[in-house]
Number of protein chains: 4
Amino acid sequence: MYSFRNDYSEIAHPKILDALIGSNLIQSDGYGEDEYTKEAIKLLKYKLQGNNIDIHFLVGGTQTNLVAISAFLRPYEAAIAANTGHILSHETGAIEATGHKIISVKSENGKLNPENIQSVLDKHTDEHTVKPKLVYISNSTEIGSIYTKEDLKALNTFCRNKNLILYMDGARLSSALCSNKNDIEFSDLTKLLDAFYIGGTKNGALIGEALVICKDSLKENFRFNIKQKGALLAKGQILGLQFLELFKDNLYFTLAAHANNMAYILHDAIKEEGFSFFSDSYTNQIFPIMPDKIINKLQKKYAFNIWDKIDKDTSIIRLVTSWATDKDKVSEFICDLKESRI
Amino acid sequence: MYSFRNDYSEIAHPKILDALIGSNLIQSDGYGEDEYTKEAIKLLKYKLQGNNIDIHFLVGGTQTNLVAISAFLRPYEAAIAANTGHILSHETGAIEATGHKIISVKSENGKLNPENIQSVLDKHTDEHTVKPKLVYISNSTEIGSIYTKEDLKALNTFCRNKNLILYMDGARLSSALCSNKNDIEFSDLTKLLDAFYIGGTKNGALIGEALVICKDSLKENFRFNIKQKGALLAKGQILGLQFLELFKDNLYFTLAAHANNMAYILHDAIKEEGFSFFSDSYTNQIFPIMPDKIINKLQKKYAFNIWDKIDKDTSIIRLVTSWATDKDKVSEFICDLKESRI
Amino acid sequence: MYSFRNDYSEIAHPKILDALIGSNLIQSDGYGEDEYTKEAIKLLKYKLQGNNIDIHFLVGGTQTNLVAISAFLRPYEAAIAANTGHILSHETGAIEATGHKIISVKSENGKLNPENIQSVLDKHTDEHTVKPKLVYISNSTEIGSIYTKEDLKALNTFCRNKNLILYMDGARLSSALCSNKNDIEFSDLTKLLDAFYIGGTKNGALIGEALVICKDSLKENFRFNIKQKGALLAKGQILGLQFLELFKDNLYFTLAAHANNMAYILHDAIKEEGFSFFSDSYTNQIFPIMPDKIINKLQKKYAFNIWDKIDKDTSIIRLVTSWATDKDKVSEFICDLKESRI
Amino acid sequence: MYSFRNDYSEIAHPKILDALIGSNLIQSDGYGEDEYTKEAIKLLKYKLQGNNIDIHFLVGGTQTNLVAISAFLRPYEAAIAANTGHILSHETGAIEATGHKIISVKSENGKLNPENIQSVLDKHTDEHTVKPKLVYISNSTEIGSIYTKEDLKALNTFCRNKNLILYMDGARLSSALCSNKNDIEFSDLTKLLDAFYIGGTKNGALIGEALVICKDSLKENFRFNIKQKGALLAKGQILGLQFLELFKDNLYFTLAAHANNMAYILHDAIKEEGFSFFSDSYTNQIFPIMPDKIINKLQKKYAFNIWDKIDKDTSIIRLVTSWATDKDKVSEFICDLKESRI
């Protein structure tokens, strides 16, 4: 059984584990006040061309979202998200548990645009409703699509005018930035966003996400928020070391490029077989639509998720590739797919 | 500079990292539904002689406390803790942030007893005050003391009679169980407590705590609570693998015994030098009282925390040993201490 | 300017104020432990034919909803509401502020049915999403429609089977029960619902709503929840006295019948003039659709809310009647409407 | 049975009810946007000599405390209160339920001073503890003592220097300001405090407290906080009308002066009988210490609270007077007390 179920099936890229071993017995100060963390922050600031940004390392995506969003909002303020948004659908009400409503916007492609947001603002005009304050976007999105530079510029301008916070969930940021349709530079992000995170877990790290706060007013006392939510790792050096390793030689991007390439091979072969797709994805998640009969056959050798039903005989499946995806297994999958149609 | 500052300065015991490397590229299901986690739970149940217990692996201590306590209590219910309790003093209001008051009880030795708790119950009798419901104890305590079996039995009986939940923070459980004054068996814990956690972070794990829920009524839907608080690790196998490694050959206890032994050597030598101690500790944290002059000299070579001031010339320091503490450094410290007095 | 804006424009029915004056200088115990409150609870239990119910008096609707729903749910549990539901749209995230998500269901008529709820259950199947637990309905609904006995029976059966709590917001319960399309007896409510409230504010009381808890498991320690949310009125007798007055001679229903009758007169005349309506309402809120030109004319003499835009020239307005609505003003409004068309 | 149990036993001063009746059938806009509320705010601003203040009317004391404090604090910030503080001991964890810790300071006389607060600041220095931010004081205090102008000035200067918010619970503000030991003018309050409330419930109002926000940074979007906590009264005119009535002819102060006078008569007579007191009170709450034998006799004719036990035969009782306290009953109580000693 080979798994295309997700991009966190394997533990970590070997270089990550090597880095931990290499520093294993060196004594470090706790809670992210160690030298590795400081160095990683310095390196990321350099790569992001952002001296006036704050960076905090956290453990996972839901944790990062809830720490950041609950810190950024006043009690009566709300987040806006596309209906596919991870915080809306797959985080067990983590944001609401911190007291904040998330306003859902119907989106066809997993993305938000100024019109979407304006329609929310139009309906929230006085103290009888929450005050929409934070725009939550994911890049790449939960259905594999990505934002263009123009998309982000439009959102940035709109949010600035409306005094909204623009926050990007970057669980799969690497896959977006390495997409063959991407036109955003890594260093653009600090100019276009108020805050975002650079996902590690889904791109080769053992654990870890790097939260980047660009907007000054969101920075104050941020470590208090991290600690209060149980998200301040005692052995912070574990996080610093990994991000050093991921970024010092651009391993972060190399790994994502591999993941995307594996997805492209799958995508093209599946398309060639005549299948259509639920969404336009140029990243490491693809969503082919297939007859259940074929799906059943494939499931005997491959693990993957059923995303949704189309009708009683047809479903959308989700195939996810990663830094660790074996090219041979991809080829094998394609062969098996072809065979399954006979 | 050698550090006696804490027991989480080094990354992890080498065997822990070896275990990760050994399984690195094996694909696992996410979120703790992998085989390593299942095996680790099975092993722990065996060691704890508790078939009817639930075990969940979490990342850190504050996280475990807040997930567990907020899950166990109704909104108007409160925890009771000794004034030295970690949740009261060093978790940035993490429990209050989930909506629950912690009632502080003045305690001389870091421990709680039935009389302490009864005095709280006497003052909380109607709906104008919170309802005390959960008794939070730490073993070993924040000042190094430990509970005896008789202590726990008394608390267990009392809590059962008063319909209170008895919860133990086991961040340093290993040090308590390996103390030369301890009379509690590992497997006693599931009989004496409603819930507790087995600390990994402070005893050789990279990250990880194992929450054990003994009382049936506290078990239901617990994974929802973990996910909602951002505490459900995507790569759950990392936690399972570590606890397997820690418990399959009793590494967990071997490491703690070493930590304690290093503390005993320090303790006895310091005592021999004529210094007194802030608390009776038989675990890996000791609290000698020393003139600031000597402390200043020691600080040139050793890192440790100043716990509190006694008077203008004297302070309490905290020395913490761990699985990684180098015996030679302990000897050196003792030499330096002797020398510093001249 | 005469107002059809809402049903709480006037202070209170004169009999309510008389009742307060009549008992003004009698000393009462605080916090709802007075004799009037006890008597009012006894009277309501009699009228509801429910000996095994708990009744608590609270001040307002949003307060009652948030106290009840936050008390009934575990942290990871969510409410389900129609997209028009008051808790979703007009309570400033009050429920989310207590930590709970509300799942919105698209509904054409302001009502929920088992199929709606099942569709939510189908999408919430594991710990990565919240657990739907409470079904929130309003009767009459926010758009004037009402539940039939059959509707409630179907919901009751469904919720019982699925282990869901069925909760009814009764801010305008009186108007529903006095509707000419209603077939529910007041005493049916305790058999068909797990909890609900009897709205006073919008039917002649100064302040006050009576929360009725039918399901045993929801009753425990409920007064703690009230106090914690700042909802335990010091002078509880004010609430008890009013509900006594409202129910001892059925004033509650007489007032609502008047409100409904005023709405029917408006409705029929507007219909006769050829206007259509946004919703089928047989209660004290009606939603005619009119050209903006006519609306503008009417607004010179009458206050009412614009509910929504239909197109650039047409809007939905909301007209609300109450126990205090003057029949002459209703006639005058109809004349003015006729005239406005010339 | 005559009650000295509290100052909210009777419903309202007759003039308050008259004011409601006088405006009963006048239609008002909802939610405090009515003319009475606007006029009451204007009047209070005039009396407080504060043009740059915001005033919001709420229903009760616990509600006002929780709405204000939760609005003023960031999630990781905490309040500081004397150990007798109402929010600490008698509000069922209402503040903690909004996510904030309250740090208790041992106080002999129910008051806080800069030294108390500094001692808290000394222990809260980094992100491992909450950040103390709001100083909660009550005037008069829960044990009847009052702040002098010098006291408030010292706190004001200290809080300003330390960037702390100084908030006063004025549930019994009237009694403090009318105390024969008071030297604070009503209009001083807006200069000395960042926010406070003017208690109505305990001084003749039916319901109602007026929250005054002086510090600009605390004002923004405040009505959202009120609505979210279920504290925005639909019939806001009820609150406006009452405060108009209380302040237009200084009824507020006349009523409190009567309450204090009744307490002074009781105090002096009890003292003359040779009893001592638990606290120095010059307000409408006094705390005599008496043998239980005498207390038992008095309890046959009078209702009052037992505050605490002194020893097995002696207790502290609390006697509370109000605007409604009957002077004849006070004389009778004194006679009965004298007789009870025979």
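Residues numbered from 1 in each chain as written. Chains lettered and ligands numbered in written order. Predicted model: local features only at pLDDT ≥ 70, side-chain atom pairs only at ≥ 80, totals over all residues. Heavy atoms only, no water.

- Under an unreviewed UniProt entry, the name given to chain A is Aminotransferase class I/II-fold pyridoxal phosphate-dependent enzyme, and the source organism is Clostridium fermenticellae.
- Annotation of chain A in UniProt includes, under Cofactor (unreviewed entry), the sentence "pyridoxal 5'-phosphate". (UniProt positions renumbered as here; feature names shortened; annotations may be inferred.)

1. Here we look at the overall build of chain A
At step 1: Summing up its helical and strand segments, chain A has 14 helices and 13 strands in all.
At step 2: Overall, the C-alpha framework of chain A stretches about 60 × 55 × 35 Å when taken along its three principal axes.
At step 3: Evaluated residue by residue, chain A yields a buried proportion of 66% over its 342 residues.
At step 4: For chain A, long-range pairs separated by at least 24 residues make up 73% of all intrachain contacts whose partners lie at least 6 apart in sequence.
At step 5: If you average the places of the 40 positive and of the 43 negative side-chain charges in chain A, the two averages end up 1 Å apart. (Helix = DSSP H or I, 4+ residues; strand = E, 2+ residues; numbered from the N terminus. Buried < 20%, exposed > 50% of the residue type's maximum accessible area, 1.4 Å probe, protein only. Contact = heavy atoms within 4.5 Å. Lys, Arg positive; Asp, Glu negative; His and termini not counted. Charge placed at Lys NZ, Arg CZ, Asp CG, Glu CD.)

2. Brief notes about the pairing of strand β3 (residues 77-82) of chain C
Residues and elements named next belong to chain C.
At step 1: Judged by how many residues are buried, β3 sits mostly within the fold: six of six residues are covered.
At step 2: Of the two faces of β3, the one carrying E77, A79 and A81 and the one carrying A78, I80 and A82 are both buried.
At step 3: Alignment of β3 against strand β5 (residues 131-138), held across five bridges, turns out to be parallel. Each bridged residue has a counterpart across the sheet, and for E77 the counterpart in β5 is K131.
At step 4: Relative to strand β4 (residues 102-105), β3 is paired through four bridges, and the arrangement is parallel. Bridge pairing links A79 to I102 in β4. (Pairing = 2+ DSSP bridges.)

3. Quick notes on the nonpolar core
At step 1: Counting 129 residues, the largest nonpolar core has I198(C), L206(C), I198(D) and L206(D) as its most contacted members.
At step 2: Once you skip the residues sitting within four places of it in the chain, L206(C) turns out to touch I11(C), A12(C), I16(C), L17(C), L20(C), I238(C), Q242(C), L20(D), L206(D), K235(D) and I238(D).
At step 3: Formed by 128 residues, the second largest nonpolar core is a distinct cluster that contains I103(A), L173(B), I198(B) and I207(B). (Core = buried A, V, L, I, M, F, W, Y, C linked by side-chain atoms within 4.5 Å.)

4. As for the interface of chain A and chain D
At step 1: Counting from both sides, the interface comprises 24 residues of chain A and, opposite them, 24 residues of chain D.
At step 2: Buried surface at the junction of chain A and chain D, both sides included, amounts to about 2000 Å², of which 51% is carbon and sulfur.
At step 3: Contact with chain D buries area across many residues of chain A, yet Y76(A), E127(A) and F224(A) alone supply 37% of it, more than any other trio.
At step 4: Put simply, chain A and chain D have two salt bridges between them.
At step 5: In this structure, R223(A) engages E127(D) in a salt bridge whose closest nitrogen and oxygen atoms are separated by 2.5 Å.
At step 6: Inspection of the chain A/chain D interface yields eight residue pairs in polar contact (both at pLDDT 80 or more).
At step 7: At the level of secondary structure, the elements contributing two or more residues to the side of chain A that touches chain D comprise α3 (61-72) and α10 (222-228) of chain A. (Buried area = accessible area lost by both parts, 1.4 Å probe. Salt bridge = Lys/Arg side-chain N within 4 Å of Asp/Glu carboxyl O. Polar contact = N/O pair within 3.5 Å; in protein donor to acceptor, adjacent residues only side chain to side chain.)

5. Concerning the sheet that holds strand β8 (residues 209-213) of chain C
All names here are of chain C.
At step 1: Strand order in the open sheet made by the seven strands is β2-β8-β7-β6-β5-β3-β4, with mixed pairing throughout. Each edge of the open sheet carries a strand with a single partner, namely β2 (54-58) and β4. Each adjacent strand pair in this sheet contributes to an overall mean axis angle of 25 degrees, direction not counted.
At step 2: As defined by bridge partners, strand β7 (residues 195-199) adjoins β8 across five bridges and the pair is classed as antiparallel. (Axes fitted to C-alpha atoms, helices over the stretch in contact; angles between N-to-C directions.)

6. Side note on the pairing of strand β6 (residues 165-169) of chain D
Residue and element names in this part refer to chain D.
At step 1: Most of β6 sits out of view: five of its five residues are buried.
At step 2: Residues I165, Y167 and D169 point to one face of β6 and L166 and M168 to the other, with burial holding for every one of them.
At step 3: As paired strands, strand β5 (residues 131-138) and β6 are joined by five bridges and run parallel to one another. Counterpart to S138 in the pairing with β6 is D169.
At step 4: Handedness of the β-α-β unit built from β5, helix α7 (residues 149-162) and β6 comes out right-handed.
At step 5: Across two bridges, β6 lies against strand β7 (residues 195-199) in parallel orientation. Bridge pairing in β7 places Y167 opposite A195. (Right-handed = clockwise from strand over helix to strand, strands pointing away.)

7. Structural notes on the sheet that holds β6(D)
Residue and element names in this part refer to chain D.
At step 1: Sheet architecture is open: seven strands sit in the order β2-β8-β7-β6-β5-β3-β4, paired in mixed fashion. Looking at which strands have only one partner, the edges of the open sheet turn out to be β2 (54-58) and β4 (102-105). On average, each strand axis in the sheet is tilted by 25 degrees relative to the strand beside it, whichever way the strands run.
At step 2: In this structure, β2 lies alongside strand β8 (residues 209-213), joined through five bridges in antiparallel fashion. Looking at the pairing, I55 lines up with V212 of β8.
At step 3: Sheet contacts for α7: β5 and β6; angle to β6, the most-contacted strand, approximately 145 degrees.

8. Looking at the relation of the copies chain A and chain D
The operation linking the two copies of the chain is a rotation about an axis combined with a translation along the axis.
At step 1: For the pair chain A and chain D, the superposition axis carries a translation of 0.0 Å, the fit reaches an RMSD of 0.0 Å, and the rotation angle comes to 180 degrees. In short, the pair behaves as if placed about a two-fold rotation axis. For chain A, the minimum C-alpha distance to the rotation axis belongs to R74(A) and amounts to 3.8 Å.
At step 2: Here 100% of the interface residues in chain A have copies in chain D that are interface residues too; the copies meet face to matching face. (Least-squares fit on C-alpha atoms with pLDDT ≥ 70 in both.)

9. Some thoughts on the interface of chain A and chain B
One frequent convention defines the size of an interface as the accessible area lost when the parts assemble.
At step 1: Each partner contributes residues to the interface: chain A has 50 residues there, and chain B has 49 residues.
At step 2: Interface area, chain A with chain B, both sides summed: about 4100 Å², of which 58% is carbon and sulfur.
At step 3: When the buried area of chain A at its contact with chain B is split by residue, I11(A), Q27(A) and K235(A) rank highest and sum to 18% of it.
At step 4: Viewed at the interface, chain B and chain A are joined by two salt bridges.
At step 5: In this structure, the salt-bridge partner of D29(A) is R5(B), at a minimum N-O distance of 3.8 Å.
At step 6: There are 24 residue pairs in polar contact (both at pLDDT 80 or more) connecting chain A and chain B.
At step 7: Those elements giving two or more residues to the side of chain A that touches chain B turn out to be β1 (2-3), α1 (14-22), α3, α5 (94-97), α10 and α11 (237-248) of chain A.
At step 8: The dominant element in the side of chain A that touches chain B, judged by the number of residues it contributes, is α1(A), at four residues.

10. Examining the state of the cysteines
Disulfide: a covalent bond formed between the sulfur atoms of two cysteine residues.
Residues and elements named next belong to chain B.
At step 1: The full count for this structure, using the stated rule, is zero disulfides over all chains.
At step 2: Cysteine C159 remains unbridged, with the sulfur of C214 as its closest cysteine sulfur at 13 Å.
At step 3: A relative accessible area of 1% means that C159 is categorised as buried. (Disulfide = S-S within 2.5 Å.)

11. So, the relation of the copies chain A and chain B
At step 1: For the pair chain A and chain B, the superposition axis carries a translation of 0.0 Å, the fit reaches an RMSD of 0.0 Å, and the rotation angle comes to 180 degrees.
At step 2: Both copies share a contact surface, since 98% of the interface residues of chain A are interface residues in chain B too.

12. Topic: the pattern of salt bridges
At step 1: Inspection of the entire model under this criterion finds 61 salt bridges over all chains.
At step 2: Of the charged contacts in the structure, one is a salt bridge between D336(D) and K301(D), with a shortest N-O distance of 2.8 Å. One end of the pair, D336(D), is in helix α14 (residues 327-340); the other, K301(D), is in the loop between α13 (292-299) and β11 (302-303), with 35 residues separating them in the sequence.
At step 3: Residue classification places D336(D) among the buried residues on the basis of a relative accessible area of 18%.
At step 4: Classification of K301(D) as partly exposed rests on a relative accessible area of 37%.
At step 5: Each of K301(A), K329(A), E332(A) and D336(A) takes part in one network of salt bridges that share partners.

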